Amino acid sequence: MTKLVNNRWTEPAIAPFSGKGYYDFEPHISPDGKKFFFLSSRPPQGKESKAGWFYQKIWMMNKTELGWSEPQLVNKPVNSEENEFFPSSTNENVLYFTRSGKAGKTRIYKSLLENGKYLEPEMLQFDIPEKGLLFNAYVSPKEDFLITCAQGIDSTNTDQDYYISFRNAGGEWS
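These lines cover the structure that appears in this document, whether it is placed above or below. (Residues numbered from 1 in each chain as written. Predicted model: local features only at pLDDT ≥ 70, side-chain atom pairs only at ≥ 80, totals over all residues. Heavy atoms only, no water.)

What follows covers the overall build of the protein. Along the backbone of the protein there are 0 helices and 15 strands. Expressed along its principal axes, the backbone C-alpha trace of the protein runs to roughly 50 × 40 × 35 Å. Taken across its 174 residues, the protein has 41% of its residues classed as buried. Considering only contacts in the protein between residues 6 or more positions apart, those separated by 24 or more positions represent 34%. Accessible surface, the protein: about 10,900 Å² in total, of which carbon and sulfur atoms supply 52%. Charged side chains of the protein number 20 positive and 22 negative; the gap between the two group centres comes to 6 Å. (Helix = DSSP H or I, 4+ residues; strand = E, 2+ residues; numbered from the N terminus. Buried < 20%, exposed > 50% of the residue type's maximum accessible area, 1.4 Å probe, protein only. Contact = heavy atoms within 4.5 Å. Areas by Shrake-Rupley, 256 points an atom, 1.4 Å probe, with all protein chains shown as cover. Lys, Arg positive; Asp, Glu negative; His and termini not counted. Charge placed at Lys NZ, Arg CZ, Asp CG, Glu CD.)

Laid out in structure tokens, this is it:
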């Protein structure tokens, strides 16, 4: 983190919630500035700590008068037995994220926040080959476009490339 002091940015330092022996990556602050999402390898409450990338879950902090709250694991069904990462939220409190299944299926999901809880995630539908991967999607605050990493989409796409998709009037993604 860094702070703007006297029109200058301070030297970057590890954020107070991070640097505690876990990997904390992929930060995302909601468009209204009230929620801070991130991927972490820290263990969920009641689970033993394990080295490396054993846990890949989405955590969140709320903005308070004093700064950010303590990190909280985003409730099920967003976090599951699979790996979840790369959160991106919208003006309408929809959380988009990547889920990597045990069978190797990596796809983009979305979940609506309703009455303080996230609803059952819905996998986004794209016309891609069976072995194609879509992951790490940034979704615009208005949900009118998304930019995603992709691999194996066509014969020229052997590395990871970025693709953009637009949302049509019917709510489907191009």
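Past the structure itself, the notes keep going.
Once that is clear, we can look at a nonpolar patch on the surface. Judged by side-chain polarity, Tyr138, Ile147, Tyr162, Ile164 and Phe166 come together as a nonpolar surface patch covering roughly 530 Å² of accessible area. Counting residues per element, the nonpolar patch draws most heavily on strand S15 (residues 161-166), at 3 residues. Relative to the assigned elements, Ile164 resides in strand S15. Overall, Ile164 belongs to the partly exposed group, its relative accessible area being 46%. (Patch = residues over 30% accessible without salt bridge, like charges linked within 9 Å, V, L, I, M, F, W, Y side chains within 5 Å. Salt bridge = Lys/Arg side-chain N within 4 Å of Asp/Glu carboxyl O.)

When you line up the elements, Thr106 lands in strand S10 (residues 106-114). By relative accessible area, which is 11% here, Thr106 ends up buried. A distance of 3.4 Å separates the side chain of Thr106 from the side chain of Ser100, its partner in a polar contact. Apart from the residues within four sequence positions on either side, Thr106 is in contact with Phe85, Thr98, Arg99, Ser100, Leu133, Leu134 and Phe135. (Polar contact = N/O pair within 3.5 Å; in protein donor to acceptor, adjacent residues only side chain to side chain.)

Attention now goes to the nonpolar core. Core analysis: the biggest nonpolar cluster contains 13 residues, and Tyr96, Ile108, Leu124, Phe126, Leu134, Leu146 and Trp173 have the highest contact counts within it. Of all the secondary-structure elements, those providing two or more residues to this core are strand S9 (94-100), strand S13 (133-139) and strand S14 (145-151). No other element matches the 3 residues that S13 contributes to this core. Excluding residues that lie within four positions of it along the chain, Trp173 makes contacts with Tyr96, Leu124, Phe126, Glu143, Asp144, Phe145, Leu146, Ser165, Phe166 and Arg167. Among the nonpolar cores identified, the runner-up in size contains 10 residues, and Ile58, Met60, Val74 and Leu95 belong to it. (Core = buried A, V, L, I, M, F, W, Y, C linked by side-chain atoms within 4.5 Å.)

Attention now goes to the packing of aromatic side chains. Both the distance between ring centres and the angle between the ring planes are used here to describe each pair of aromatic rings. If you walk through the whole model with that rule in mind, you get 11 aromatic pairs. Ring geometry for Phe17 against Phe36: centres 5.4 Å apart, planes inclined by 70°, an arrangement best described as edge-to-face. Within this pair, whereas Phe17 is found in the loop between strand S2 (8-9) and strand S3 (24-29), its partner Phe36 is found in strand S4 (residues 35-40), the two being separated by 19 residues in sequence. For the pair Phe17 and Phe36, a shared accessibility class is recorded, and that class is buried. Pairing Tyr96 with Trp173 gives two aromatic rings, centres 6.4 Å apart and planes at 85°, and the pair type is edge-to-face. Remark: Trp173 occurs in the segment after S15 and Tyr96 occurs in strand S9; sequence separation between them is 77 residues. Joined through ring pairs, the aromatic side chains of Phe17, Phe36, Phe38 and Trp68 make up one cluster. Across from the ring centre of Trp59, 5.5 Å away, lies the NZ or CZ of Arg42, which sits over that ring. (Phe/Tyr/Trp six-rings, centres within 6.5 Å; stacked < 30°, edge-to-face > 60°. Lys NZ or Arg CZ within 6 Å of the ring centre and 35° of its normal.)

Turning to the sheet that holds S13, a few remarks are in order. In spatial order, the strands read S13-S14-S15; together these 3 strands make up an open sheet with antiparallel pairing. Looking at which strands have only one partner, the edges of the open sheet turn out to be S13 and S15. Recorded for the sheet is a direction-independent mean angle of 30° between the axes of neighbouring strands. With 5 bridges joining them, S13 and S14 adopt antiparallel strand pairing. Note that in S14 the partner of Val139 across the bridge is Leu146. (Pairing = 2+ DSSP bridges. Axes fitted to C-alpha atoms, helices over the stretch in contact; angles between N-to-C directions.)

Keep in mind that these numbers describe shape and distance, not what the molecule does.
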